[in-house]
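Commentary on secondary and tertiary structure
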Amino acid sequence: MGRIIDRLLQLGPVLLGVTVIVFLMITLTPGDPVEIMLGDMKSSPEQAEVLRRDMGLDRPPVERFFRFVGNALQGNFGLSFFHRRPVSEVIAERLPATIELTLAALLLSLLISIPLGALAAVHKGGWLDRTATVGSLLGVSLPGFWFGILLIMLFSVQLGVLPVSGRIGYGYEVPAVTGLLTIDTLLAGRLDSFLQALRHLALPAITLALPMAAPLMRVTRASMLDVLRSDYVTFAEAKGLSRRRVLWRHALKNALMPTVTIAALETGSLLGGNMIVESVFGWPGLGRLVVESIFARNYPLVQAAVLLYAVTYVLLNFIADVAYTLLNPRVRL
Amino acid sequence: MSAATDVAGTAIAARSPAAEGFARFLENRLAVACALVVLAMVLLAIGAPWFAPHDPNETDLLRRLQPPVWLDGGEWAFPLGCDALGRDLLSRLIHGARVSISVGTVVILFATVVGIAAGLLAGYLRGWVDTVISRIVDILLGFPYLIFAIGLMAMMGPGLHNVAITLIAKEWVVPCRLVRGETLAAREMEYVEAARAIGVGPFGIMIREILPNILSPVIVVATIRLAHVIILEASLSFLGLGVQPPIASWGSMVADGREFMLDAWWVSTFAGLAILVLVLAINVASQGLRDAFDPRFHD
């Protein structure tokens, strides 16, 4: 329990620190936000002054920070310069696409890494183990943006079996319920749309999943090797349980704990990878929006999105740590 | 412990741990081969103006998207073909190595120095210094790497210097945590107590006593992180946040080729391949280093 309380007490200062940094990132940005917002519009200095006061930019930085935090807690991140709509609205529109892609990649990387890592451990030194080791080395060395382009060239351009970009084809749209197209299409009872959504999701999800699957596989393999050497596995085998049952029912269950922890830590690579993969595949999510916003100097949006990503990441790590503490009796003291 | 004896009583060669580690590394042929690949690419980058057959920025629209030599329309003067502006891809590739390798090296070098200093201070002095440094580390760890980089780049604007500064601002956390942990352990050791007893000051102990003893894991981790930083730089360049045109970098070359995936696959393929080869070679070589120098990996 003490450990969980400790972590909870740490959570506050970290979240505050993260918020301070995000605030500073944009506040210290050279250039006048008012000028950027007005852009090419003709305006008098008085009009600019009014806008400046409206945006609270004439207040001292400390006051602006507290106002920023207060607004952020209410989900108010100001106006998106570019869209001339509230930032929160624009982000909410793009978020489901990013969540769908991230979840798909997470699921995929677990589906690849756990069986492969476990099998590699069981057949340690065999061809599968060596192939998996080489594969994971390639996985961490591949630049994701390039791998995505290779996949497009192979599956979309050469073979023509998967779409180049987007989330769903024309004429397959369904009413939005959750915003996750793979679920919405099923809710609408449109199997054809569901398959379309899945086909669009395949390549971006694979590209995002691969760099994460590599470390996960290594962790699963190492932890499975530890478990296989332990007394209870030897005992279970001695008791006459079939090897298959011992491996998959007893050993793997216990070997998965480190994998889950590392999975939570590695979601950072998924969240960051979003921006790259969404840019490569024209995926209409938050990641691509952030990249576009940098070039459009749409700072309020960048600020809100970076804060959202960072807070999500901190909370995910916190949850993983608590889950680990609760599940692992050796840590629970 | 230069003249130690093992259990059987035979003398062990009087070599320093570093020399022993290096000898073990040389036995790992794959790792040595990869280290040579890295070295070759470094030399190529340093001597780029001499090795590159053409000026990397010389455009020739008559050679627009000219294919590599083994395809129809290719010629030996431009072995890997040309990009959309008719620039020689091989020359751009060789010059692009400079960006990847120099940014990677500079970032790791600065981040390691800062990380060592912060880690030593936090681990040895403890108290409020440790609290402040550890809190900053915790906060920086709260950002996914690319998100932090993007946020900071949004503020500073695109460019190679800013990429390097951004990456250093986040990367120093890695050596800092390692050094802090090792220092916490080392400050209780007898050799440190002995130094304290004869009146060596805290900075003398940190730099002359503790640092040499914890340096080898720090170097190993630095080489492992180098691969990571090179991919990050390439990713930022791919997004258009790194070096600005017309300077060649591998990440931006991959981005250049995206528009021509249909009819000129070579534009992005070779640049991506170059990143893969360099990063893979560094990864294998650094694993070899780790196995050779980390006592936990050899019995």
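I will try to describe carefully the structure that is included in this document.

**Considerations on the overall build of chain A**
When its secondary structure is counted, chain A shows 13 helices and 2 strands. Evaluated residue by residue, chain A yields a buried proportion of 39% over its 333 residues. In chain A, 72% of the contacts between residues at least 6 apart in sequence involve partners at least 24 apart.

**Some points on the packing of helix H1 (residues 17-27) of chain B against helix H12 (residues 266-293) of chain B**
All names here are of chain B. Viewed as axis vectors pointing N to C, H1 and H12 meet at an angle of 135°, and their least axial separation amounts to 8 Å. Taken together, the axes of H1 and H12 lie oblique to each other. Crossing geometry of H1 relative to H12 is assigned as right-handed. Packed against H1, whose contacting residues are Gly-21, Arg-24 and Phe-25, the element H12 presents Gly-288, Leu-289, Ala-292 and Phe-293 at the interface.

**Here we look at the packing of helix H5 (residues 87-122) of chain A against helix H9 (residues 191-228) of chain A**
Two elements in contact, H5(A) and H9(A), have axes whose closest approach is 5 Å; the angle formed by their N-to-C orientations is 35°. Handedness of the crossing formed by H5(A) with H9(A): right-handed.

**With respect to the nonpolar core**
Counting 173 residues, the largest nonpolar core has A:Ala305, A:Ala310, B:Ala149 and B:Ile150 as the members making the most contacts within it. In contact with A:Ala310, other than residues within four places in its own chain, are A:Val18, A:Val22, B:Gly142, B:Phe143 and B:Ile147.

**Quick notes on helix H7 (residues 160-171) of chain B**
Residues and elements named next belong to chain B. Look at H7: 16 Å from first C-alpha to last across 12 residues, which is about the 16 Å you get at 1.5 Å a residue. Those residues of H7 lying buried are Leu-160, Val-163, Ala-164, Thr-166, Leu-167, Ile-168, Lys-170 and Glu-171. Elements that come into contact with the buried residues of H7 comprise helix H4 (89-125), helix H5 (127-141), helix H6 (145-156), helix H8 (173-186) and helix H10 (202-238).

**Looking at unusual backbone geometry**
Residue and element names in this part refer to chain B. With an omega dihedral of 10°, the bond running from Pro-245 to Pro-246 counts as a cis peptide bond. Structurally, Pro-246 is set in the loop between H10 and helix H11 (250-257). Positive phi, close to 50°, is recorded for Arg-126, a residue that is not glycine. Within the fold, Arg-126 resides in the loop between H4 and H5.

**A short note on the interface of chain B and chain A**
On the side of chain A, 39 residues touch chain B, which itself brings 34 residues to the contact. The set of elements that each furnish at least two residues to the side of chain B that touches chain A consists of H5, H6, H10 and H12 of chain B. A per-element tally of the side of chain B that touches chain A places H6(B) first, with 9 residues. Grouping the constituent residues of the side of chain B that touches chain A by class yields 25 nonpolar, 6 polar and 3 charged.

**Some points on H10(B)**
All names here are of chain B. Taking 1.5 Å of rise per residue, 37 residues should cover 54 Å, yet H10 covers just 45 Å from first to last C-alpha, more than 12% shy of that figure. Along H10, the sharpest change in direction is near 60° and occurs at Leu-211; proline Pro-212 comes one to four residues later. Backbone geometry just after H10 places Gly-240 at a positive phi near 95°.

Quick notes on the rules
- Residues numbered from 1 in each chain as written.
- Chains lettered and ligands numbered in written order.
- Predicted model: local features only at pLDDT ≥ 70, side-chain atom pairs only at ≥ 80, totals over all residues.
- Helix = DSSP H or I, 4+ residues; strand = E, 2+ residues; numbered from the N terminus.
- Buried ≥ 20, exposed ≤ 12 C-beta atoms within 10 Å, placed from the backbone.
- Contact = placed C-beta atoms within 7 Å.
- Axes fitted to C-alpha atoms, helices over the stretch in contact; angles between N-to-C directions.
- Parallel < 35°, antiparallel > 145°, perpendicular 65-115°, else oblique.
- Left-handed = near helix turned anticlockwise from the far one by under 90°.
- Core = buried A, V, L, I, M, F, W, Y, C linked by C-beta atoms within 7 Å.
- Expected span 1.5 Å × (residues − 1).
- Nonpolar A, V, L, I, M, F, W, Y, C, P; charged D, E, K, R; others polar.
- Bend = angle between axes of the 7 residues up to and from the residue.

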